[in-house]
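# Observations on the model geometry
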Amino acid sequence: MIFRQLFDPTSSTYTYLLGDGGEAILIDPVYEQVPRDLALLQELGLKLKTTLDTHVHADHVTGAWRLQQRCGSQIALAEVAGASGLDRPLRHGDRIDFGGRYLTVRATPGHTNGCLSYVLDDQSMAFTGDSLLIRGCGRTDFQQGSPQQLFASVHEQLLTLPGECLLYPAHDYRGITVTSVAEERRYNPRLGGDVDVGDFTGHMNNLNLPHPKQMAVAVPANLRCGQPEGDAVLPETPDWAPLTLRFSGVWEIEPMALLEHMAGLQILDVREAPEFIDRLGHLPGARLVPLSQLTGSLDQLDRERPVVAVCRSGVRSAQACVLLSKAGFGKVANLAGGMLRWKIEGLPVATDSA
Ligand code: FE
């Protein structure tokens, strides 16, 4: 069996690729990482059969729909999650085949009401989503979460697996990649050792965590299995630079990639004039057109040459990208993280006036 653990640094999400007999499944794919996953599937000679989400995520958008569009893979998720656009509503006890191997579905609600864990046929590994994290667990304060339910799920469905069974979570924020049932039984500070349901509930009800930054976008998007709203046609991947498609529909370029592809591009800085020469400076060769004046200045730009929009943090420039695309510009990208990241990465900056 082929097994790969993949990481999305933006949301600290692990995506898992399992392959056998030329067939693959992906667990918890991330929207922006779909090109990476497609390239890996192709290089390993695997056909993607099914994508599985462990739950409706609040911190990133699933790659399920995007992969379905590219590979014809089936989208599978808990039936009780109530998502639209899924091909295979899953229930406790279902079996997901790939090649000669399979995963068994275990309902492990509590972090959300639709959390599922996936256990490999020989119980040598299990994918626990946010139900059980390494020395931790997912929060229980939204999406119909319940500490009592999570406590029961973990104790009845996960910690009862063989001690040597390896557990792979949906996230880790410290860079640890895997744990085992024996380890978590003993060392999980929330759910292991002698902790009882009362201790656990008291702890979970007093975490007072802020909501995830992406929640307002991610939850509704994931309830559509990661399909953008409105016209849902996937754009062709541009070939003029290495770009990442954000769920918002905007293509992004990383600072280093921009530096390497700068020749031949138009750099469009959409900040206000005083910002262009403040301490952040601007990209060498950038043209200043504040966002408020962009609509009236479109004929100053070359429609044939790619345009990269820049602002302080990447928010205004994302809006500029939408505007340019609507105006018929075909090759448009946003500088990821704006001048703030450009500067942090130590890339060249000019300070001359416009
Ligand atoms: Fe989660």
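Residues numbered from 1 in each chain as written. Predicted model: local features only at pLDDT ≥ 70, side-chain atom pairs only at ≥ 80, totals over all residues. Heavy atoms only, no water.

Moving on: the overall build of the protein chain. In terms of helices and strands, the protein chain carries 10 helices and 18 strands. Since a compact globule built from 354 residues should have a radius of gyration of about 20 Å, the 23 Å found for the protein chain is in line with a globular shape. Across its three principal directions, the C-alpha atoms of the protein chain cover 65 × 45 × 35 Å. Long-range pairs, those at least 24 residues apart, make up 63% of the contacts in the protein chain between residues at least 6 apart in sequence. Element-wise, carbon and sulfur atoms account for 51% of the exposed surface of the protein chain, whose accessible area totals about 15500 Å². On the protein chain, the mean spot of the 31 positive side-chain charges and the mean spot of the 41 negative ones are 2 Å from each other. (Helix = DSSP H or I, 4+ residues; strand = E, 2+ residues; numbered from the N terminus. Rg over C-alpha atoms; globule rule 2.2 N^0.38 Å. Contact = heavy atoms within 4.5 Å. Areas by Shrake-Rupley, 256 points an atom, 1.4 Å probe, with all protein chains shown as cover. Lys, Arg positive; Asp, Glu negative; His and termini not counted. Charge placed at Lys NZ, Arg CZ, Asp CG, Glu CD.)

Right, let's get into the sheet that holds strand β17 (residues 307–310). Spatially, the six strands line up as an open sheet ordered β13-β14-β18-β17-β15-β16, and their pairing is mixed. At either margin of the open sheet sits one strand with a lone partner, and together these are β13 (244–245) and β16 (287–288). (Pairing = 2+ DSSP bridges.)

Once that is clear, we can look at the coordination of the iron ion. Protein ligation of the iron ion involves His 55 (NE2), His 111 (NE2) and Asp 130 (OD), the donor distances falling in the range 2.0 to 2.4 Å. Linear spacing of the donor residues for the iron ion on their chain is H-x55-H-x18-D. Taken together, the positions of His 55 in the loop between β4 (47–52) and α2 (64–71) and His 111 in the loop between β8 (101–107) and β9 (116–120) put the pair 56 residues apart, joining distant regions of the chain. As far as the burial class goes, His 55 and His 111 line up, both buried. (Donors = N, O, S within 2.8 Å, 3.2 Å for Na, K, Ca; no water. Buried < 20%, exposed > 50% of the residue type's maximum accessible area, 1.4 Å probe, protein only.)

For the rest of this paragraph, the subject is the nonpolar core. Judged by nonpolar contacts, the single largest core of 59 residues is most densely connected at Leu 103, Tyr 118 and Leu 258. Each of domain 1 (2–222) and domain 2 (244–344) gives at least three residues to this core. Not counting the four nearest positions on each side in its chain, Tyr 118 is found in contact with Ile 27, Leu 52, Asp 53, Thr 54, Leu 90, Ile 96, Leu 103, Thr 104, Val 105, Met 125, Ala 126 and Phe 127. (Core = buried A, V, L, I, M, F, W, Y, C linked by side-chain atoms within 4.5 Å. Domains from an automatic or database assignment.)

Before going further, it helps to spend a moment on unusual backbone geometry. Across residues other than glycine, the phi torsion is negative in most instances, and most of the peptide bonds are trans. Here Gln 123, not a glycine, exhibits a phi torsion of approximately 60°, which is positive. If you trace the backbone, Gln 123 turns up in the loop between β9 and β10 (125–129). Backbone geometry at Asn 208 places phi at a positive 50°, although glycine is not the residue there. With respect to the element layout, Asn 208 can be found in the loop between α5 (197–204) and α6 (215–222). The exposure class assigned to Asn 208 is exposed, which follows from its relative accessible area of 69%.

According to the domain assignment, the protein chain contains domain 1 (2–222) and domain 2 (244–344). The gap between the C-alpha centroids of domain 1 and domain 2 is 36 Å. At the interface, six residues of domain 1 touch four residues of domain 2. Scanning the region where domain 1 abuts domain 2 turns up one salt bridge. Taken together, the connections running from domain 1 to domain 2 amount to zero residue pairs in polar contact (both at pLDDT 80 or more). Counted by class, the side of domain 1 that touches domain 2 contains four nonpolar, no polar and two charged residues. (Salt bridge = Lys/Arg side-chain N within 4 Å of Asp/Glu carboxyl O. Polar contact = N/O pair within 3.5 Å; in protein donor to acceptor, adjacent residues only side chain to side chain. Nonpolar A, V, L, I, M, F, W, Y, C, P; charged D, E, K, R; others polar.)

Applying the stated criterion across every chain yields a total of one cavity of 30 Å³ or more. As a volume, the largest cavity reaches approximately 40 Å³. Looking at the largest cavity, the residues that line it are Asp 53, His 55, Val 56, Thr 62, Ala 64, Ile 75, Leu 77, Asn 222 and Cys 225. The class makeup of the residues in the lining of the largest cavity is five nonpolar, three polar and one charged. (1 Å grid on protein atoms, 1.4 Å probe; cavity = no way out; pocket = protein on both sides within 12 Å on 5 of 7 lines; lining within 4 Å. Points joined across faces, edges and corners; volume = space filled by probe spheres on them.)

Let us look at the side chain of Asn 188. Assignment of secondary structure puts Asn 188 in the loop between α4 (181–187) and α5. Of the polar contacts made by the side chain of Asn 188, one reaches the backbone nitrogen of Leu 191; its length is 3.0 Å. Non-local contacts of Asn 188, meaning those with residues more than four positions away in its chain, are made with Leu 132, Leu 133, Arg 135, Gly 136 and Glu 183.

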